[in-house]
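Chain and residue survey
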Amino acid sequence: MSDNNSFLVFSGTNTRYLAEKICSSLGCPLGKLLITKFSDGEFAVSYEESIRGRDIFLVQSTFPNSDNLMELLLMIDAAKRASARTINAVIPYFGWARQDRKDKPRVSIGAKLVADLLSVAGVHRVITMDLHADQIQGFFNVPVDHLYASGVILPYLQSLHLDNLVIASPDVGGSKRANAYAKYLGCPLVLCNKTRARANVVASMQIIGDVKDKNVVIIDDMVDTAGTITKAADIMKEAGATTVRACASHCVMSGPASDRVQESALEEIVFTDSIPYTKRCEKVKQISVADMFAETIMRVIRNESISDQYIV
């Protein structure tokens, strides 16, 4: 893709699968990085090749557990101390993003803390995708390139050629994202109004809109325990929907999520590969965002605009 040798791409342990795809798209080798683990759980990072004066891209999603975030911080610190010219954190999934405000007294704002940690470590730029809340970009004092999974999800939805298509949001908070999809595809929007008993537990849900005899696609930014999205699918099916699918950017899928999806009314659930999915669930499909991130990396190197990559 480029004969430019001024940049290098490195990866943390758990996002190597995606970094290898990005390097394949870029036509460059993955950089040599050694992560030494100690018996007490501590680890150390060292670059096994010179990075002096180079533009460094560190690919690492900060999904649980916290080792992924700590690895990224140590990678940034080691690159700074090894005299890299610029340090660019490529974070396909930015964890801790649900803690973006004080929604009750005496709570932390985890997203701001993580942004501060990355800045103090020495990052010069952050490239990420589908933040849980757009305002998290403002937590950084360095440039943030915010990509959208719609760049790969929308072409997939169009390839299905679904008649009587309806886009749905599983909650009011996601209505802006779902509305962008509905507007682009020229179809109606349906909302789900939910109340929570506590975190990860949905108390009740009502559909706002008509889904009878429709092919419904639920749009969300992430699926964690899958309680909300499977409940929405079951309710829509009961309300007369022909088929119900779901598309989400980030495949968190923790705890009982895989079993819930398998037993739900969902035809399929489509994610990007920002987070690895290793559990077995026939309804889960992943679409790679490696080419999109590779293209963004090249545009950053060439100082080109990335905005025309956005579909919506």
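1. Some thoughts on the pattern of salt bridges
In total, this model carries 14 salt bridges according to the counting rule given. One salt bridge connects D55 with R85, and the closest N-O pair in it is separated by 2.7 Å. Linking D55 in strand β4 (residues 55-59) with R85 in the loop between α2 (67-81) and β5 (86-91), this pair joins segments that are 30 residues apart in sequence. Among the residues examined, D55 registers a relative accessible area of 9% and is labelled buried. Between K176 and D134 there is a salt bridge, and its shortest N-O distance comes to 3.7 Å. Placement of the pair is K176 in helix α5 (residues 175-185) and D134 in the loop between β6 (125-129) and β7 (144-147), with a sequence separation of 42 residues. The exposure class of D134 is partly exposed, given its relative accessible area of 34%.

2. Notes on the packing of helix α4 (residues 150-160) against α5
α5 packs onto α4 with a crossing angle of 45° between their chain directions and a minimal axis gap of 12 Å. By the angle class used here, α4 and α5 are oblique. At the point where α4 passes α5, the crossing takes the right-handed sense. The residues of α5 that touch α4, namely those facing S150, I153, L154, L157 and Q158, are Y181, Y184 and L185.

3. Remarks on the sheet that holds β4
Read across the open sheet, the five strands follow the order β1-β4-β5-β6-β7; overall the sheet is parallel. On the outer flanks of this sheet lie β1 (7-11) and β7, each paired with one strand and no other. Neighbour-to-neighbour, the strand axes of the sheet open up by a mean angle of 15°, direction not taken into account. Both β4 and β5 contribute to a ladder of five bridges, which runs parallel. Each residue of the ladder has a partner; that of I56, found in β5, is I87. Here α2 sits on the sheet in contact with β1, β4 and β5, set at roughly 165° to β5. Packing of helix α8 (residues 290-301) onto the sheet brings it into contact with β1, β4, β5, β6 and β7, and relative to β6 it is tilted by some 155°.

What counts, and at which threshold
- Residues numbered from 1 in each chain as written.
- Predicted model: local features only at pLDDT ≥ 70, side-chain atom pairs only at ≥ 80, totals over all residues.
- Heavy atoms only, no water.
- Salt bridge = Lys/Arg side-chain N within 4 Å of Asp/Glu carboxyl O.
- Helix = DSSP H or I, 4+ residues; strand = E, 2+ residues; numbered from the N terminus.
- Buried < 20%, exposed > 50% of the residue type's maximum accessible area, 1.4 Å probe, protein only.
- Axes fitted to C-alpha atoms, helices over the stretch in contact; angles between N-to-C directions.
- Parallel < 35°, antiparallel > 145°, perpendicular 65-115°, else oblique.
- Left-handed = near helix turned anticlockwise from the far one by under 90°.
- Contact = heavy atoms within 4.5 Å.
- Pairing = 2+ DSSP bridges.

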